[in-house]
Amino acid sequence: MRELVADRAERTRLLVVQPPSDAVHPQPDTKDWTWVLGRRCDQCGLSAGDIEPAEFAQRAFVAAEEWVQILRSSPAVTARPEPDVWSPLEYGAHVRDVYRLFDGRLEQMLKEDTPTFTNWNQDETAIEERYSEQDPEVVAEELEAAAQHFVARIQSLTPEQYRRRGIRSDGAEFTVATFLQYFLHDVIHHLWDVTGQQDAAASLALE
Ligand SMILES: [Zn+2]
């Protein structure tokens, strides 16, 4: 997938549209992040709802590359910055599972008519799968493999398929297009989570 990789400035643009503004509005205190499809996220700076389908595969690929880089190069990959904040390793394991989960759900949306997704409790999964004890190098390899699979599936999508639908267990309805926008916000927002409140260029500088 190397040919998908853009130059440094382009990579920065793909990962964060603009730096977070000074006037940060409080984010809704809810686990439902579907609002990110309607407006720009004040934290990570991404306007997910404005991302064009033509960029879905490339953005999913570049974000995965950043995660692999963090898992392989972060000096404190297993350290939690705060007792209740995930370490880069735990975030990376979560992101690997997000790539896998969304790949499976995308496949479901393509094969079934408006499927309802089974619920996924990400906090329980983190504990059950012992994210904090996983090997960062193994997680990096698994994330890379999951992303390659997912990116290939995105690249195979036809314009008609972007209109297919799926429903989350809480009732939130997605098209393939909004589902992928939602996905991109998730993995890019978590880059922001591990790189602190600087712009995502901080993680890009790790290379
Ligand atoms: Zn965000």
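Definitions and cut-offs
- Residues numbered from 1 in each chain as written.
- Predicted model: local features only at pLDDT ≥ 70, side-chain atom pairs only at ≥ 80, totals over all residues.
- Heavy atoms only, no water.
- Helix = DSSP H or I, 4+ residues; strand = E, 2+ residues; numbered from the N terminus.
- Buried < 20%, exposed > 50% of the residue type's maximum accessible area, 1.4 Å probe, protein only.
- Contact = heavy atoms within 4.5 Å.
- Phe/Tyr/Trp six-rings, centres within 6.5 Å; stacked < 30°, edge-to-face > 60°.
- Expected span 1.5 Å × (residues − 1).
- Donors = N, O, S within 2.8 Å, 3.2 Å for Na, K, Ca; no water.
- Tetrahedral: all angles 85-135°; square planar, octahedral: opposite > 155°, others 65-115°.
- Salt bridge = Lys/Arg side-chain N within 4 Å of Asp/Glu carboxyl O.

Novice: Describe the overall build of the chain, naming the residues involved and giving the relevant values.
Specialist: Counting secondary structure elements, the chain contains 7 helices and 2 strands. Secondary structure elements of the chain occur, N-terminal to C-terminal, as α-α-α-α-α-β-β-α-α. Across the 207 residues that make up the chain, the buried fraction comes to 47%. Taking the intrachain contacts of the chain between residues at least 6 apart in sequence as the baseline, contacts between residues at least 24 apart amount to 72%.

Novice: Which residues make up the packing of aromatic side chains, and what values do they have?
Specialist: Counted under the stated rule, the structure contains 13 aromatic pairs. On the basis of an interplanar angle of 75° and a centroid distance of 4.8 Å, the ring pair of F150 and F183 is categorised as edge-to-face. Highlighted residues: F150 in helix α5 (residues 136-155) and F183 in helix α6 (residues 176-195), separated in sequence by 33 residues. Ring-pair connections join several aromatic residues into one group, and the members of that group are Y99, F102, F117, F150, F174, F179, Y182 and F183.

Novice: Describe helix α3 (residues 88-111), and please don't skip the residues or the numbers.
Specialist: Residues three or four positions apart in an α-helix share a direction because the helix packs 3.6 residues into each turn. In a regular helix each residue adds 1.5 Å, so 24 residues correspond to 34 Å; α3 covers 34 Å between its end C-alpha atoms and thus fits that length. Most of α3 sits out of view: 17 of its 24 residues are buried.

Novice: Run through helix α2 (residues 56-73), naming residues and quoting values.
Specialist: The terminal C-alpha atoms of α2 lie 26 Å apart, and with 18 residues this matches the ideal 26 Å at 1.5 Å per residue to within 8%. Burial analysis of α2 places 15 of its 18 residues in the buried class, which makes it a mostly covered element.

Novice: A description of the coordination of the zinc ion should follow, citing residues and the corresponding values.
Specialist: The coordination sphere of the zinc ion contains the protein donors C41 (SG), C44 (SG), H185 (NE2) and H189 (ND1), at a distance range of 2.0 to 2.3 Å. Bound by 4 donor atoms, the zinc ion shows angles of 104 to 114° at the metal and therefore tetrahedral coordination geometry.

Novice: Account for the pattern of salt bridges, naming residues and giving values.
Specialist: For the coordinates displayed, the defined rule picks out 17 salt bridges. The salt bridge partner of E144 is R72, with a shortest N-O separation of 3.9 Å. Taken as a pair, E144 in helix α5 and R72 in helix α2 lie far apart in primary sequence, 72 residues in all. By relative accessible area, which is 33% here, E144 ends up partly exposed. When its relative accessible area of 41% is taken as the criterion, R72 is described as partly exposed.

Any functional reading would require information beyond the geometric quantities listed.
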